[in-house]
Amino acid sequence: MKTLGVTALAGALMLCAAPMWAAIMIYPKFVDFGQTARVQEMTLVNPSPEETVTYRVRFKYARQNPDGTYTDVEQPGFTTAKDLVRFSPRSITLAPGKSQRVKLLRRIPADTPPGEYTGYIVFTQIPDEKPLQKASSSAAPGVRIELAAIPSFSIPVILTHGETKPDAPELSFLGLHTPEPGKPQARVRLSRTGGADIPQSRTLRGDISVWADGRLAGVIKGKYLLAGNPYVDAAVPLDPAVAAPGTAVEILFTEPSEQDGADVSRVLARAEGKL
């Protein structure tokens, strides 16, 4: 099998630690029960050598928007994975360097219609209660307001029950986009060949890579199109030294891989274009 990059659990955990998630690492980044799995587990790690962190755990449903953002839906009007999955614990406190597993349990009522069901498990950090510092006597009178960002992140959870419609991905190249000087992006649309009905459609998941003259110009790892959505757009950051304006490129949608690049032996869809 032709592959690019290396695979390791430690590397996968580090990839999860985006800047706003600096207080925690998590693996996997996508939970798929498939047809038969009854139990799945996630591992959370506190990489800090000094700080203890506490996270609240909850489940939610969100609608995927075409631009790749998400809108929370409290009452989606159909069964979701939120109704079919139980999880524990509900809160997690991690001392420095410690880890904790979250267990998810599949629970399918007998009258559940066949299809694919989606939801998100959400981790929200509970900030420490720190006493306010006493204001200096020389400080200007008035009310002091302190704002602090509260890290929160979501992991998709997919559960399949019974038969679902066959579905296949399609790629479209939408053109070159340069939001900042020296930082080009390839705009790509990932769509499905079948209908987007819920719960019969399937989630499409993989890596989107852009190639110029056989060289990797850019990649997005773990891009997915959730069931119930006809398409989603993506902007793939490009290496300007490889993909100059006017360059002919090939865009690949490949099966998801934990490697650094893309597994070009498992292509699911392709498109061509010129930057």
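The coordinates are above.
Residues numbered from 1 in each chain as written. Predicted model: local features only at pLDDT ≥ 70, side-chain atom pairs only at ≥ 80, totals over all residues. Heavy atoms only, no water.

Q: Looking at this structure, how should I read the overall build of the chain?
A: Looking only at helices and strands, one finds two helices and 18 strands in the chain. The burial tally for the chain puts 40% of its 275 residues in the buried class. Looking at the chain alone, contacts between residues at least 24 apart form 69% of all its contacts between residues at least 6 apart. Working note: accessible area of the chain is about 15100 Å², and carbon and sulfur atoms make up 52% of it. (Helix = DSSP H or I, 4+ residues; strand = E, 2+ residues; numbered from the N terminus. Buried < 20%, exposed > 50% of the residue type's maximum accessible area, 1.4 Å probe, protein only. Contact = heavy atoms within 4.5 Å. Areas by Shrake-Rupley, 256 points an atom, 1.4 Å probe, with all protein chains shown as cover.)

Q: Quick question: what am I supposed to make of the sheet that holds strand β13 (residues 183-192) here?
A: Whenever strands of a sheet pair, they do so through backbone hydrogen bonds, lying parallel or antiparallel. The sheet built from three strands is open, its strands ordered β12-β13-β16 with antiparallel pairing. Every other strand in the sheet has two partners, leaving β12 (169-180) and β16 (231-237) as the edge strands with one partner each. Going across the sheet, the axis of each strand differs from the next one's by a mean of 25°, ignoring polarity. (Pairing = 2+ DSSP bridges. Axes fitted to C-alpha atoms, helices over the stretch in contact; angles between N-to-C directions.)

Q: Could you clarify how one ought to interpret the pattern of salt bridges in this entry?
A: Opposite charge on two side chains permits them to pair, given that their charged atoms come into close proximity. Counting across every chain of the model gives seven salt bridges. For the salt bridge of K183 with E180, the shortest nitrogen-to-oxygen distance reads 3.6 Å. Notably, a salt bridge pairs R266 with E255, separated by 3.3 Å at the nearest N-O pair. Here the residue R266 occupies a position in the loop between β17 (248-254) and β18 (267-274), and E255 occupies one in the loop between β17 and β18, the gap between them amounting to eleven residues. Taking relative accessible area as the criterion, R266 reaches 27% and is therefore assigned partly exposed. (Salt bridge = Lys/Arg side-chain N within 4 Å of Asp/Glu carboxyl O.)

Q: Whenever I open this one, the pairing of strand β8 (residues 91-94) confuses me. Can you help?
A: Along β8, the buried face is formed by I92 and L94; none of S91 and T93, which line the opposite face, is buried. With four bridges connecting them, strand β4 (residues 53-60) and β8 associate as antiparallel partners. Bridge pairing in β8 places R56 opposite S91.

Q: What exactly am I supposed to notice about unusual backbone geometry here?
A: Apart from glycine, the bulk of residues carry a negative phi angle, and the bulk of peptide bonds sit in the trans form. Looking along the chain, the bond that leaves Y27 and enters P28 is cis, with omega of 0°. Locating P28 in the fold gives a position in the loop between β1 (25-27) and β2 (31-32). Note the cis peptide between S88 and P89, where omega equals 0°. With respect to the element layout, P89 can be found in the loop between β7 (85-88) and β8. The phi angle at D213 is positive, at roughly 55°, despite the residue not being glycine. Within the secondary structure layout, D213 lies in the loop between β14 (204-212) and β15 (215-225).

Q: Help me understand the sheet that holds β1 in this model?
A: Reading across the sheet, the four strands line up as β1-β3-β9-β7 and stay open at both edges, with antiparallel pairing between neighbours. Taken across any chain shown, the strands that pair with only one partner, and hence form the sheet edges, are β1 and β7. Strand-to-strand twist of the sheet, defined as the mean angle between neighbouring strand axes without regard to direction, takes the value 20°. When strand β3 (residues 39-45) meets strand β9 (residues 99-106), the two strands line up antiparallel, connected through seven bridges.

Q: Help me understand the packing of aromatic side chains in this model?
A: Here the distance between the centres and the angle between the planes together describe a pair of aromatic rings. All told, the structure shown has four aromatic pairs when counted by the stated rule. Ring centres of F59 and F87 lie 6.1 Å apart, and the angle between their planes is 40°; on these two criteria the pair is classed as tilted. A residue pair is termed long-range when its members are at least 10 positions apart, and F59 in strand β4 and F87 in strand β7 qualify at 28 residues. Exposure remark for F59: the relative accessible area of 8% places this residue in the buried category. (Phe/Tyr/Trp six-rings, centres within 6.5 Å; stacked < 30°, edge-to-face > 60°.)

Q: Even after reading the chapter, I still don't get the pairing of β12, so can you show me in this structure?
A: Two faces make up the sheet, and in a regular strand the side chains alternate between them. Relative to β13, β12 is paired through nine bridges, and the arrangement is antiparallel. Counterpart to E180 in the pairing with β13 is K183. Two successive antiparallel strands, β12 and β13, enclose a turn made up of two residues, where G182 displays a positive phi of approximately 80°.

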